[in-house]
Amino acid sequence: MVFKKMMRAFGVGGPSVDTVLTNPNTRPGLNLEGRVNITGGDHMVDIEYVSLGLVTKVEVESGDSEYNQHTEFHKLNVAGRFPVHPGQPISIPFSFPVPWETPLTNIQGGQRLHGMTMGLRTELAVAGAVDKGDLDQVNVFPLPAQERIIEAFGRLGFRFKGADCERGHIRGVQQHLPFYQEIEFYPPGQYHGINSAEVTFVASPHGMAVVLEFDKRGGLFTSGHDVINTYQVDYRSVDSTDWAGVVDGWVRQAMSRRPHHQPTHHQPHYPPQPHYGHHQPHHGHGGHGYRHGHHGGAGMVGGIAAGLVGGFVAGEILDDLFDGD
């Protein structure tokens, strides 16, 4: 009898769970819609709760070492306690809000950002035992302002190098998640004083911080160093802004060694985000005194494509951007 109870507690003969997303493609600030489908097993059980959580890979620095860990950064209970009888089918609809600071995994055209992973995990608790289940892949596409800035780097000749998430907070930026995403580019020849450029977006419903870090080469009498500048975007005039010119100005400002930590006069705008689909994102920069780590511790479907393609980067620019991937 004891063995039988243990087997039941760990799910043998218990209910099965399948989470189905209406559309796995989303953007920061929107919702993931779907259903959690439960089918009863060979005996009645009491479900204590059903929850969903967004999970991504985060780099953590601990002393002199670095390691990656899968981090659940947003969780939502979609059902409380209820019984499930043998063979009983139960379907639980959900609308899961995607945080504004969620890291990007894809850009327009379905191009995956190398190094990024994102999944929605279903957690089911039965008799004190928790089954975290499998991850359903989620594709997070940029907000229009983010897309325009990424496009501008491509137009200027930058090539995508990689992307990752790093645990920590950025000084001077209102940040809610315990990590931030870095999107890294190789610079073109005209920016000969820069080894690499890293872009971090920290979005909110009201505006977005763009944090740029440039690894500058040393000269005959100077050593190489990093320049970190922060710019504020308030979501107005995004379609009328010359983003290639703006980004070029940001890069050349870094090359001139004049760090800038105040909002610029460029304040792009985009309209409220449409609902689409079927129903409607450093390598030890704590020493900079700016980014602080916590030591110790498929392609687009038709419904979303129409909402994201209009006015965005041409395909050939994206191909050049990802030559190094």
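So, a few notes on the structure that sits alongside this text.

1. Some thoughts on the overall build of the protein
Helix and strand content of the protein: 5 helices and 18 strands. The burial tally for the protein puts 49% of its 325 residues in the buried class. Within the structure as shown, the protein displays about 14,800 Å² of accessible surface, and the carbon and sulfur contribution to it stands at 52%.

2. A short note on the layout of surface pockets
Its boundaries defined by the atoms lining it, the second largest pocket holds a volume of some 210 Å³. Lining the second largest pocket are 15 residues; nearest its centre among them are Ser-204, Gly-207, Met-208, Ala-209 and Gln-232. Looking at the lining of the second largest pocket, the elements with two or more residues in it are β15 (194-203), β16 (208-216) and β17 (225-233). Broken down by class, the residue content of the lining of the second largest pocket amounts to 6 nonpolar, 7 polar and 2 charged.

3. Some words on the packing of aromatic side chains
Per the stated rule, a full pass over the model turns up 8 aromatic pairs. On the basis of an interplanar angle of 25° and a centroid distance of 5.4 Å, the ring pair of Phe-158 and Tyr-191 is categorised as stacked. Of this pair, Phe-158 sits in the loop between α2 (144-155) and β12 (159-167) while Tyr-191 sits in the loop between β14 (179-186) and β15, and the two are 33 residues apart along the sequence. Ring plane angle 20° and centroid distance 4.5 Å describe the contact between Tyr-231 and Trp-250, whose orientation is recorded as stacked. Of this pair, Tyr-231 sits in strand β17 while Trp-250 sits in helix α3 (residues 243-255), and the two are 19 residues apart along the sequence.

4. Some points on α3
With 13 residues, α3 extends 18 Å between its outermost C-alpha atoms, agreeing within 8% with the 18 Å of an ideal straight helix rising 1.5 Å per residue. Burial in α3 covers these residues: Trp-243, Val-246, Val-247, Trp-250, Val-251, Gln-253 and Ala-254. Along the axis of α3, the buried residues cluster in a sector spanning 160°; they form a single face.

5. Here's the deal with the sheet that holds strand β3 (residues 31-39)
With antiparallel pairing, 3 strands are arranged side by side in an open sheet as β1-β3-β7. Bordering the open sheet on either side are β1 (16-21) and β7 (89-97), each of which pairs with just one other strand. Taken over all neighbouring pairs, the strand axes of this sheet differ in orientation by 20° on average, direction set aside. In this structure, β1 lies alongside β3, joined through 6 bridges in antiparallel fashion. Note that in β3 the partner of Leu-21 across the bridge is Gly-34.

6. Side note on the pairing of β14
Extensive coverage of β14 is indicated by the burial of 7 of its 8 residues. For β12 and β14, the ladder comprises 8 bridges, and the chain directions are antiparallel. Across the sheet, Glu-166 pairs through a bridge with Tyr-180, a residue of β14. The sheet contact formed by β14 and β15 spans 3 bridges and is antiparallel. Among the inter-strand pairings, Ile-183 is bridged to a residue of β15, identified as Val-199.

7. Points about α2
Spanning 12 residues, α2 covers 16 Å between terminal C-alpha atoms, matching the ideal 16 Å at 1.5 Å per step. The element α2 is largely enclosed, with a buried count of 11 among its 12 residues. All of the buried residues along α2 are Pro-144, Ala-145, Gln-146, Glu-147, Arg-148, Ile-149, Ile-150, Glu-151, Ala-152, Phe-153 and Gly-154. Positive phi shows up at Gly-157, right after α2, with a value of about 100°.

8. Comments concerning the environment of Arg-27
Locating Arg-27 in the fold gives a position in the loop between β2 (25-26) and β3. Residue Arg-27 is classed as buried on the basis of its relative accessible area, which comes to 2%. In sequence terms Arg-27 and Thr-102 are 75 residues apart; their C-alpha atoms lie 8.3 Å from each other.

9. Description of the pattern of salt bridges
On inspection of all chains with the given rule, the structure shows 7 salt bridges. A salt bridge links Arg-155 to Glu-151, with the shortest nitrogen-to-oxygen separation between them at 2.7 Å. Of this pair, Arg-155 and Glu-151 both sit in helix α2, separated by 4 residues, roughly a single helical turn. We classify Arg-155 as partly exposed; its relative accessible area is 48%. Classification of Glu-151 as buried rests on a relative accessible area of 9%. For Arg-236, the salt bridge is made with Asp-234, and the minimal N-O distance between the two is 2.6 Å. With relative accessibility at 22%, the residue Asp-234 sits in the partly exposed group.

How each quantity is defined
Residues numbered from 1 in each chain as written. Predicted model: local features only at pLDDT ≥ 70, side-chain atom pairs only at ≥ 80, totals over all residues. Heavy atoms only, no water. Helix = DSSP H or I, 4+ residues; strand = E, 2+ residues; numbered from the N terminus. Buried < 20%, exposed > 50% of the residue type's maximum accessible area, 1.4 Å probe, protein only. Areas by Shrake-Rupley, 256 points an atom, 1.4 Å probe, with all protein chains shown as cover. 1 Å grid on protein atoms, 1.4 Å probe; cavity = no way out; pocket = protein on both sides within 12 Å on 5 of 7 lines; lining within 4 Å. Points joined across faces, edges and corners; volume = space filled by probe spheres on them. Nonpolar A, V, L, I, M, F, W, Y, C, P; charged D, E, K, R; others polar. Phe/Tyr/Trp six-rings, centres within 6.5 Å; stacked < 30°, edge-to-face > 60°. Expected span 1.5 Å × (residues − 1). Arc of directions from axis to C-beta. Pairing = 2+ DSSP bridges. Axes fitted to C-alpha atoms, helices over the stretch in contact; angles between N-to-C directions. Salt bridge = Lys/Arg side-chain N within 4 Å of Asp/Glu carboxyl O.

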